[in-house]
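# Summary of the model geometry
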Amino acid sequence: MKEMEKETTESRHYGEFGGQYIPETLMAELDRVAQAYDHYKNDPDFLKELHDLLNNYANRPSLLYYAKQMTEDLGGAKIYLKREDLNHTGAHKINNVIGQALLAKRMGKTRLIAETGAGQHGVATATIADLFNMDCEIFMGKEDTERQKLNVYRMELLGAKVHPVTTGSMVLKDAVNATLQEWTQRIDDTFYVMGSAVGPYPFPEMVHDFQSVISKESKQQILEAEGKLPDMVVACVGGGSNAIGSFANYIDDKDVQLVGCEAAGKGVDTDQTAATIERGSVGIFHGMKSMFLQNKYGQIDKVYSISAGLDYPGVGPEHAHLAELKRAKYVGITDDEAVNAFEYIAKTEGIVAAIESCHAVAYVEKIAPKMRKDQIIICTLSGRGDKDVASIAKYRGVNIDD
Ligand SMILES: *Cc1c(COP(=O)(O)O)cnc(C)c1O
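The structure contained in this document is the topic of the report that follows.

Each value, and the rule that gives it
- Residues numbered from 1 in each chain as written.
- Predicted model: local features only at pLDDT ≥ 70, side-chain atom pairs only at ≥ 80, totals over all residues.
- Heavy atoms only, no water.
- Salt bridge = Lys/Arg side-chain N within 4 Å of Asp/Glu carboxyl O.
- Phe/Tyr/Trp six-rings, centres within 6.5 Å; stacked < 30°, edge-to-face > 60°.
- Buried < 20%, exposed > 50% of the residue type's maximum accessible area, 1.4 Å probe, protein only.
- Lys NZ or Arg CZ within 6 Å of the ring centre and 35° of its normal.
- Patch = residues over 30% accessible without salt bridge, like charges linked within 9 Å, V, L, I, M, F, W, Y side chains within 5 Å.
- Areas by Shrake-Rupley, 256 points an atom, 1.4 Å probe, with all protein chains shown as cover.
- Helix = DSSP H or I, 4+ residues; strand = E, 2+ residues; numbered from the N terminus.
- Near = heavy atom within 4 Å.
- Polar contact = N/O pair within 3.5 Å; in protein donor to acceptor, adjacent residues only side chain to side chain.
- Nonpolar A, V, L, I, M, F, W, Y, C, P; charged D, E, K, R; others polar.

Here we come to the pattern of salt bridges. Tallying each qualifying case throughout the model produces 28 salt bridges. Through salt bridges with shared partners, one network takes in R60, K82, E84 and E217.

Quick look at the structure:
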């Protein structure tokens, strides 16, 4: 570890966070990925193909929708929703997958591997593998394969092979370990499509760049609609990809408040939580130095949230840095608050949003009434909520199984 740390340069870090804490076999391959990315991120042909796919396949630009009903009901700041739920495959994940898969193709790779928690990233990866005619294998904690049977079947329908991971607690963090392991064993034809703004450099940077299309568009859209920047941007944070994409183009606009909503589960003060920045401490895991929920020996905690997409014990290094700088604020939202927001946005705006996204909506419900009517909030809806209907019904004691 010492050796590797010495070799890493400033650009691979976000303050003290980030880096590349990985086995030597992967180091050379990560360098190749970093070099390829450095080249292609400025290559006009690459960028043209990326934008073509985003616009003509993924359905970008996504709407910036003025939520009139919510705004009037809450009686404070004007609320706009950035509609990533309207993207093909139903979430922001596709923005990043198209970018990374395109890079993999340029590097001559023929096989994509990825981890998935709830299955959204696995579905997006399987989808793009079809489009690019590549092989696709998805690693998913065995417990998650049982909780998310529909998405397992969907990935198989798309031609991906799904591997249930039976190590550790058989959830997302174990799936990341298994995917890294698989990559170590087969780097020649294989690219690991990382699902969030986490992992060793250059993944956090690539994911930041590919997701920053969210705030690039929202900035243009809000300037067109209102002639000024928003006062606040709110997004939910699992590993932090939709949030970093929502924040990216506002980070230098110091008057725009950035708020990330973490899953507090049953409460930040309970041990059934996933509020990494609020409750966690500095550590090294999954190839990066960042904030993690862990015990005093550095063993990663079992985390909990009603939302499978936020159920991750760490957070991307750039968020850890933004929190340390106090440039962004991170708040915990409980299961109860998120479920209430799920029902609220459905009834007010007619939008069934992902339970992950509803963590951000819940914060908007709290903060908008305290703001002035001439102020503006942009809240990212990271995904659509069809996948959550059954579990929300169950949470409310309604049986819709038969
Ligand atoms: C995966 C997912 C998330 C969490 O991931 P981030 O990397 O933090 O964005 C949030 N919302 C939806 C709909 C997701 O599918």
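From this point, the narrative continues.
Per the counting criterion, the structure on display carries eight aromatic pairs. Seen in terms of ring centroids, W183 and F191 are 6.5 Å apart; in terms of plane orientation they differ by 55 degrees. Their pairing is tilted. Comparing W183 with F191 shows no difference in burial state: the two are buried. Ring plane angle 90 degrees and centroid distance 5.9 Å describe the contact between F285 and F292, whose orientation is recorded as edge-to-face. A residue is classified by how much of its surface remains accessible, and F292, at 1% relative accessible area, is buried. An aromatic cluster of at least three residues, connected via ring pairs, comprises W183, F191, Y192 and F203. Over the ring of Y66 we find K78; its NZ or CZ atom is 5.1 Å from the centre of that ring. Its end group placed over the ring of F132, K105 keeps NZ or CZ at 4.5 Å from the ring centre.

This part is about a nonpolar patch on the surface. Together, V352, V389, V398 and I400 make up an exposed nonpolar region whose accessible area comes to about 300 Å². Turning to its location among the elements, V398 is positioned in the segment after α17 (389–395). Exposure remark for V398: the relative accessible area of 45% places this residue in the partly exposed category.

Attention now moves to the site of the ligand. Around the ligand, a shell composed of 17 residues is seen, among which K93, S196, G238, S241 and S382 lie nearest. Here an oxygen atom of the ligand sits 2.7 Å away from a polar atom, N or O, in the side chain of S241. Notes on the ligand: free accessible area 380 Å², of which the protein chains cover 96%. In the shell around the ligand, the residues fall into four nonpolar, eleven polar and two charged.

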